[in-house]
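Commentary on secondary and tertiary structure
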Amino acid sequence: MAGDALRVLSALPAAETFFKRLGGRLGSAELEAGEPLTRAAEWFLDNRHIVLRTVRQVRKDMPPGFYRRLPAGRSGPLRVWSLAWEYLDSVDFEPDADSLARFVRGSEDRRPLGTAELWAVPPMLRAAALQRLAAALCRLVPEEENPFPPPPVDSVQNEADAVAHCVRTFRTLDEIRWADFFEQTSLVEEALREDPGGVYAAMDFDTRDRCRGTVERIAWRTGLAETVIAQRALEWAGRESDPSSRRAHVGYWLLDAGQREFERSFAYRPRWRERIRRALLNRPMWTYTTSMVGATLALWAIPIAWLVSLGTGAALLTLGATVTLIPASMLATSLVQWVLSLVIPPRVLPKLDFEKAIPERARTVVIIPTLLGSEDEVRSLVRRLERHYLGNPQDRLDFVLLGDFLDAPSEVGPEDDGIARVAREEIRALNEKHGSADRSPFHYMHRKRLWNPSEGCWMGWERKRGKVEEFNRLLLGANDTSFDVQVGDVAALRRARFVITLDSDTVLPPGLAARLAGTLAHPLNLPEIDPATGQVIAGYTIIQPRVDVAPRSGGRSKFSGIFSGDATIDIYTRAVSDIYQDLFGAGVYVGKGIYDLKGFDRSLVGRMPENALLSHDLFEGIHGRVALASDLVLYEDYPSTYLAYTRRLHRWIRGDWQLLPWFFSRVRAPAGGTLPNRFRPIDQWKLIDNLRRSLFVPSLLLLVTAGWLLLPGEAWLWTGMALIAPSGQLLIGILGGLTRGLVRARRRRAIRQWSEVRGGFRRWLMFWAFVPHEAWTATDAIVRTLHRILISRRRLLEWRTAAHTARLLETGSGMLREWGEMPAGVVCATFLAALVLLFRPEVLPVAAPLLALWLASPAIAGWISREVVPPRESPDPTQLTALRRLAR
């Protein structure tokens, strides 16, 4: 019968064709005229889509590699195949979840089914029903050749009953919750639930499944029973005297730092691919730096070798090497991160299951720290706060609007009272609407302005960073903060353990707050802090989800539609930290996520000097140790106009360059003097990476300029090098995406990949249209920052919210605004055109396309920044996620 199972699975491609052909024949006019349609034919024709879907599902669920891992029984036949036929025959092809679970558990007294066998039960049941269905239909149409071998049991001679039973079997199997069935019947699951730390049973299904996967992998490579391995995990966890220790949880030995030691106890020998991955992960800094430096040098060597071959002098050779270094490094980064992502598996964080309720020990607060500039802005933020609550209506989840007034020349402004009054009224109305006698889920905290001599104005202390820091201190018991307006129950907030911080334009999808809390609350993720130094030595104080662009923000203008899906050209703003998380176990913080209140505060004590850090997110993530949870997603709005985007880019570049002092071994202390720098080499590499990205666009402009006017050789080759440099992800998409689509012979996949490539090309073209303006933006930001940190020591906290920036950009009319604010493209194109005509007119045909783009760049920016249509009421991501869940 084991051979029958393989023959049935091998026949599935032919079976799909067989069922399609048979359906056409049974439904043809010729068959209707020659013989009456039987009840069996009606059953099949009415449910042919279910049959074909079942064939495809079995093919997907039973790949050859998985089939080879299924053991045979004592007498030879494949055990799970025999079990499937025995069960279906015993219930006359009328299965249900309860009887199937009892049947499987009853069969385990002979020999327990392994993890792979239990997961093989659903496809084997479907395959057995397909085999019986084909046999019944071939009796109905004898001239059709059955692709399957004869079924081992086929006592029913009535084709109508046989077809009906098989169709009902397919429907029933689709309705069974197979995850529940698996955990009801798995002896490994039963054993691991005895976890001495009491953590395993509280984890979500995916994390438990990863633990069972480790047990299965070790068993497969060592030949031991899975239950033996599970029992040893329990024994090792039970050796720890402190039940709250990480080592007292079986997950420490199956998923975390103890996994290698646990494997060695079984003389486990990983396969060669796994050995390569582990070798890379054992020396992550060596792996990353060697790959980056090697790829950069290899690409950088191409233009240098070309210059040498042309007999270039020392001065021009130095110029060519200088202007090609950063473009080569950026292309190398794209290629290296792509290759490493193929070799190194994603590092998925373990999670507790808080879907039904967040427990009191993990009480969480959601905050939106922002600047409030108008009453309408307050109402908009309160509505967003309400949407967050409606998607995450947990009893132990509170929502807080943290407000500051805009900077002002005096402590009190004319609009302050109105803004504060509206905020108080709106929050109280929300509590009346959604609260109860003993619970008020919404809160409003507002700080008074303080005089800041370095900024020369009255403002909230340290802006967003100070707001969050003072809020943390307030929750930890401090009474000396600058919050002068407090609406809500502060005593309830002080019971919180975790804080989720969001920007004012962030969308919190349904259920995500509970999943974030469940991730940070897992014992393997909770921070361990050195009491002497405050340094995080294990775990994390921050969990950051992946941040994607909100779908509806991409339709506000042509600009957001082109760039909102960008991971190709917008290298600076859309860079992801997956490779840092997967390779080093710590990501890059971007200011949105969940943090452990006490741990986060403790990790930053005495580390943050005043009036010095605009880009505090990276700083906080390095000191507090941030993990990227790439399987959890937040959504944020994308700027709808090009000028709004460049204002944000200018602020980010300034913030990154303000971290220059942290390249030194000693750094400025908040109370004066200096203290040792805690940044590790990989942390300083993250800083270098940001600075390198900020120099990328200016270096491209220098490269094309030098190629047109100074460097020897063909100008079109230098221009081509520059054009390729920002196209790393685009090239990867073409080579990888389209190849996968063609290899798998899936036309829809190929069409989708082509659509992505076409979108990438549009972004690439727009990117080049704005190179002079972005080069000016980056250069201005860098020069301003260097002047401020080295000379003036003033205005280091200059910052505006996205909403405030949008209001400022509303001044002006039509495209005149872009022409007034984007002279760089026109000036650069005019100046370069004059130089080319004067010194190297033969280069003009090569330079003309880019020069024309730059001359038209203000008009292009104005055109793509206009609203396509008035914003439509489309479901936001929270609604879409809820609808998908209902559909499942």
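Structure first, text after, so check above.
What you are looking at is a predicted structure, and each value in this text was computed from that prediction instead of being measured.

With the rule as written, the count across this model stands at 59 salt bridges. With a shortest N-O distance of 3.8 Å, Arg421 and Glu375 are connected by a salt bridge. Of this pair, Arg421 sits in helix H21 (residues 416–434) while Glu375 sits in helix H20 (residues 375–391), placing them 46 residues apart in sequence. Glu818 serves as the salt-bridge partner of Arg817, at 3.4 Å between the closest nitrogen and oxygen. Residue class for Arg817 comes out partly exposed when judged on its relative accessible area of 22%.

A few words now on a nonpolar patch on the surface. On the surface, a nonpolar cluster with roughly 350 Å² of combined accessible area is contributed by Leu335, Trp338, Val339 and Leu342. Here Trp338 lies in helix H19 (residues 314–343).

This part takes up the packing of helix H38 (residues 823–839) against helix H39 (residues 844–855). At a minimum axis separation of 8 Å, H38 and H39 run at an interaxial angle of 160 degrees. On the basis of the axis angle, H38 is roughly antiparallel to H39. With respect to the hand of their crossing, H38 and H39 are arranged in left-handed fashion. Facing Gly825, Val826, Cys828, Ala829, Thr830, Leu832, Ala833, Val836 and Leu837 of H38, the residues of H39 in contact are Leu844, Leu851, Trp854 and Leu855. Residues that form the contact of H38 with H39 fall into these classes: 11 nonpolar, two polar and no charged.

The next subject is the side chain of Asp416. Relative to the helices and strands, Asp416 is located in helix H21. The class of Asp416 is buried, set by a relative accessible area of 7%.

Another point: the packing of aromatic side chains. Between two aromatic rings, the relevant description is the distance of the centres plus the angle of the planes. Tallied over the full model, the rule gives 32 aromatic pairs. Between Trp85 and Phe93 the ring centres are 5.7 Å apart and the planes differ by 70 degrees, which places this aromatic pair in the edge-to-face class. For Trp85, a relative accessible area of 2% gives the class buried. An angle of 80 degrees between the planes, with centres 5.9 Å apart, marks the rings of Phe559 and Tyr642 as edge-to-face. Highlighted residues: Phe559 in helix H25 (residues 558–563) and Tyr642 in helix H29 (residues 642–657), separated in sequence by 83 residues. Of the two residues, Phe559 and Tyr642, both sit in the buried class. Among the aromatic residues, those joined into a cluster by ring pairs are Phe559, Phe563, Tyr638, Tyr642, Tyr645 and Phe770. The ring of Tyr638 carries Arg648 above its face, with NZ or CZ at 5.5 Å from the centroid.

What follows deals with helix H17 (residues 272–282). For H17, the complete set of buried residues consists of Glu274, Arg278 and Leu280. For H17, the arc enclosing every buried residue in end-on projection is 160 degrees, short of the 170-degree limit, so these residues lie on one face. Packing partners of the buried residues in H17 comprise helix H13 (205–222), helix H16 (259–264), helix H18 (284–309), H19 and helix H26 (578–584).

On to the sheet that holds strand E11 (residues 542–549). Strand pairing in a sheet takes place through backbone hydrogen bonds and is either antiparallel or parallel in direction. Across the sheet, nine strands lie side by side as E6-E3-E2-E1-E7-E12-E11-E13-E8; this open sheet has mixed pairing. Every interior strand has two partners, whereas the edge strands, strand E6 (483–487) and strand E8 (506–507), have only one. Judged from the four bridges that link them, strand E3 (residues 442–447) and E6 form a sheet pairing that is antiparallel. Residue Tyr444 lies in a different strand from E6, and its bridge partner there is Val487. Across the sheet, H21 is in contact with strand E1 (364–372), strand E2 (397–405), E3 and E6; its angle to E3 comes to roughly 165 degrees.

Looking now at helix H35 (residues 771–792). Compared with the 32 Å implied by 1.5 Å per residue over 22 residues, the 30 Å span of H35 between its first and last C-alpha is a close match. For H35, the complete set of buried residues consists of Val771, Pro772, His773, Glu774, Ala775, Thr777, Ala778, Ala781, Ile782, Thr785, Arg788 and Ile789. In the segment just after H35, Arg793 is the residue with positive phi, at about 60 degrees.

Within E11, six of the eight residues are buried, which leaves the element mostly enclosed by the surrounding structure. Pairing geometry for E11 and strand E12 (residues 593–596), over two bridges, is antiparallel. Directly across from Ile542, in E12, lies its bridge partner Tyr595. For E11 and strand E13 (residues 626–636), the ladder comprises eight bridges, and the chain directions are parallel. Counted as the bridge partner of Ile543 is Ala627 from E13.

Time to look at the side chain of Arg840. Mapped onto the fold, Arg840 is located in the loop between H38 and H39. Judged by its relative accessible area of 16%, Arg840 falls in the buried class. A polar side-chain atom of Arg840 sits 3.2 Å from the main-chain carbonyl oxygen of Leu711. Apart from the residues within four sequence positions on either side, Arg840 is in contact with Gly707, Trp708, Leu709, Leu710, Leu711, Gly713 and Leu835.

This part is about the nonpolar core. Core analysis: the biggest nonpolar cluster contains 71 residues, and Leu254, Phe262, Phe354, Tyr444, Phe498, Ile543 and Ile594 have the highest contact counts within it. The residues touching Phe498, leaving out its near neighbours within four places in the chain, are Ala362, Arg363, Thr364, Val365, Ala517, Leu520, Ala521, Leu526, Ile594, Tyr595 and Asp596. Of all hydrophobic cores here, the second largest spans 64 residues; its members include Leu9, Trp85, Val163 and Ile176.

The phi torsion at Phe93 lies on the positive side, around 55 degrees, for a residue other than glycine. Checked against the element boundaries, Phe93 lands in the loop between helix H7 (79–90) and helix H8 (97–107). What makes Phe93 buried here is its relative accessible area of 3%. Positioned with a positive phi, Arg795 is a non-glycine residue whose angle comes to about 60 degrees. In this structure, Arg795 sits in the loop between H35 and helix H36 (802–809).

Thresholds, definitions, all that
- Residue indices begin from 1 for each chain and proceed along its sequence in written order.
- Totals for whole chains, interfaces and linings use every residue, but because this is a predicted model, local features are given only for residues with pLDDT of at least 70 and side-chain atom pairs only at 80 or more, for both listing and counting.
- Note that water and hydrogens are dropped before the side-chain values are worked out from all heavy atoms of the structure.
- Any Lys or Arg side-chain nitrogen found within 4 Å of a carboxyl oxygen on Asp or Glu counts as a salt bridge.
- Strands are runs of DSSP state E lasting at least two residues, helices are runs of H or I lasting at least four, and both sets are numbered from the N terminus onward.
- Relative accessibility under 20% of the residue-type maximum defines a buried residue, over 50% an exposed one, and the middle range a partly exposed one, all with a 1.4 Å probe and only protein chains included.
- Without a salt bridge and with relative accessible area above 30%, a residue can belong to a patch; like charges are then joined within 9 Å and nonpolar side chains (Val, Leu, Ile, Met, Phe, Trp, Tyr) within 5 Å.
- Using a 1.4 Å probe, accessible areas were evaluated by the Shrake-Rupley method; residue-level cover was limited to the displayed protein chains.
- Fitted lines through C-alpha atoms give the axes, limited to the stretch in contact for helices. The angle between two N-to-C directions lies from 0 to 180 degrees.
- An angle counts as roughly parallel when it lies under 35 degrees, as roughly antiparallel when it exceeds 145, as roughly perpendicular when it falls between 65 and 115, and as oblique in every other case.
- By convention, the crossing between two helices is left-handed when the near helix turns anticlockwise from the far helix through less than a right angle, and right-handed when the turn is clockwise.
- By the convention used here, residues are in contact when the closest approach between their heavy atoms is within 4.5 Å.
- Amino acid classes used here: Ala, Val, Leu, Ile, Met, Phe, Trp, Tyr, Cys and Pro are nonpolar; Asp, Glu, Lys and Arg are charged; the rest, including Gly, are polar.
- Within 6.5 Å between ring centres, the rings of Phe, Tyr and Trp (the latter by its six-membered ring) count as paired, and their orientation is classed by plane angle as stacked under 30 degrees, edge-to-face over 60, tilted in between.
- Any Lys NZ or Arg CZ that is within 6 Å of a ring centre and within 35 degrees of that ring's normal is treated as a charge sitting over the ring.
- Working definition: the arc comes from the directions between the helix axis and the C-beta atoms, pointing outward to the latter.
- Pairs of strands are assigned from DSSP output, requiring at least two bridges between the strands.
- Take the number of residues in a helix, subtract one, and multiply by 1.5 Å to get its expected span.
- The definition of a polar contact used here is a pair of N or O atoms within 3.5 Å, where within protein one atom must be able to donate a hydrogen and the other to accept one, and adjacent residues in sequence count solely through side-chain atom pairs.
- Joining through side-chain atoms within 4.5 Å is the link that ties buried Ala, Val, Leu, Ile, Met, Phe, Trp, Tyr and Cys residues into a set, and such a set is a nonpolar core.

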